[in-house]
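Chain residues, written in single-letter form:
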Amino acid sequence: MPQFFQNKRLMIVLAAIILLVALLGYSLRNNRNLSIPEQFIKDTVSLTEKVFNKPAQYIAGLLNNISDLKDTYKENQILKSKLDKYVELSVREKELEKENKELKDLIGYTKDLSDYESIQATVTIRDPDKWQQIITIDKGSTNGVEKEMAVVTAKGLIGKVKNVSKFSSTVQLLSASDRTNRISAKIQQKNTVFGLIEGYDVEKQTLLFKRIPSNAKVKKGQTVVTSGLGGVFPKTLVIGKVEEVEPDEHGLTQTAYIKPQADFNDINHVIVVKRTIDVQEGE
């Protein structure tokens, strides 16, 4: 009896193997029609592939795009850094060119001041709240700077030394609103016209050349220079040119608006001028 059951189990296994082989052979036939279960499984697999394949491809493409974007960003940052350095160097180069030209002009102007003692200086401080009033330079009493000395740029007169310390000085600009800020000046022509530079018109950005005789003929474009009569400034330092002229309210004198030869908004290098030769004119 046990032997029979053992043979029966063997027969069942053999039958199952034969059936499986038969099914495999049947399923491998190309020209047969798929059964309903097979068709269902095939359609399910195909649909699943469609559902997951396109999103997978999209995600893969998106990841590639993100990687490319990161590379582009890094490259952009490198290029921007190089551009910033180039701009910085370009600005610095222009500043050096401007400074070089100013110094050359200053040296050339110094040669014209052969009758005077001149001290070259650089502006170190300019307070925005007192922009039109004062500047501070890097030369003081140890360099020979004294109060009331004239201060010029390569273009013209800008002011006078107001206060002096050992290593620096304060310069009062011609545009400073101070009643004591006066300079004896003249217009060079056949009949010399004398007057005083006192006051500054902020709106017109011009100096006020006052106390001109009412009968004096003053024209636009004429040059105004220091007269040397005040006993402080050297003579013939250029101040500016006449822009317009108008009589005062009483008609006794005239006031001329003078466009400064020097640019008061761009002062970097200056010359402090000391009058060493006593030259008097018309005294």
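Residues numbered from 1 in each chain as written. Predicted model: local features only at pLDDT ≥ 70, side-chain atom pairs only at ≥ 80, totals over all residues. Heavy atoms only, no water.

Enquirer: How do you make sense of the pattern of salt bridges when you look at a structure like this?
Expert: Where charged atoms from two side chains of opposite charge approach closely, those side chains can pair. Applying the stated rule across the entire model yields five salt bridges. One salt bridge connects E198 with R182, and the closest N-O pair in it is separated by 3.0 Å. You can see E198 sitting in strand 7 (residues 193-201) and its partner R182 sitting in strand 6 (residues 182-187), a full 16 residues away along the chain. Accessibility expressed as a relative area gives 12% for E198, which makes it buried. (Salt bridge = Lys/Arg side-chain N within 4 Å of Asp/Glu carboxyl O. Helix = DSSP H or I, 4+ residues; strand = E, 2+ residues; numbered from the N terminus. Buried < 20%, exposed > 50% of the residue type's maximum accessible area, 1.4 Å probe, protein only.)

Enquirer: Would you mind going over the pairing of strand 10 (residues 238-247) with me for this structure?
Expert: Looking down a regular strand, the side chains alternate between one sheet face and the other. As judged from the three bridges shared by strand 9 (residues 223-226) and strand 10, these two strands associate in the antiparallel manner. Paired with V225 across the bridge in strand 10 is V238. Adjacent in sequence and paired antiparallel, strand 10 and strand 11 (residues 253-260) are bridged by five residues, among which G251 carries a positive phi angle near 75°. (Pairing = 2+ DSSP bridges.)

Enquirer: So what exactly am I meant to see when it comes to the sheet that holds strand 7 here?
Expert: Strands in a sheet are paired, the pairing made by backbone hydrogen bonds, and the direction either parallel or antiparallel. The sheet built from six strands closes into a barrel, its strands ordered 6-7-8-11-10-9 with antiparallel pairing. Within this sheet the neighbouring strands show an average axis-to-axis angle of 45°, counted without direction. (Axes fitted to C-alpha atoms, helices over the stretch in contact; angles between N-to-C directions.)

Enquirer: What exactly am I supposed to notice about the side chain of Q222 here?
Expert: Among the structural elements, Q222 can be located in the loop between strand 8 (206-213) and strand 9. The class for Q222 is buried, based on a relative accessible area of 16%. A polar contact of 2.8 Å, which involves the side chain of Q222, links it to the backbone nitrogen of K219. With sequence-adjacent residues up to four places away left out, Q222 is seen in contact with I187, Q189, K217, G240, K241 and V242. (Polar contact = N/O pair within 3.5 Å; in protein donor to acceptor, adjacent residues only side chain to side chain. Contact = heavy atoms within 4.5 Å.)

Enquirer: Looking at this model, I keep getting lost on the packing of aromatic side chains. Mind explaining?
Expert: Each aromatic ring pair is specified by the distance between its two centres and by the angle formed by the two planes. On inspection of all chains with the given rule, the structure shows one aromatic pair. Between Y200 and F264, the aromatic rings sit 6.5 Å apart at their centres with planes inclined by 20°, giving stacked as the arrangement. Within this pair, whereas Y200 is found in strand 7, its partner F264 is found in the loop between strand 11 and strand 12 (269-275), the two being separated by 64 residues in sequence. Each member of the pair Y200 and F264 is classed as buried. Here the basic side chain of R126 rests over the ring of W131, its NZ or CZ set 3.9 Å away from the ring centre. Sitting over the face of the ring of Y257, K204 holds its NZ or CZ atom 4.0 Å from the ring centroid. (Phe/Tyr/Trp six-rings, centres within 6.5 Å; stacked < 30°, edge-to-face > 60°. Lys NZ or Arg CZ within 6 Å of the ring centre and 35° of its normal.)

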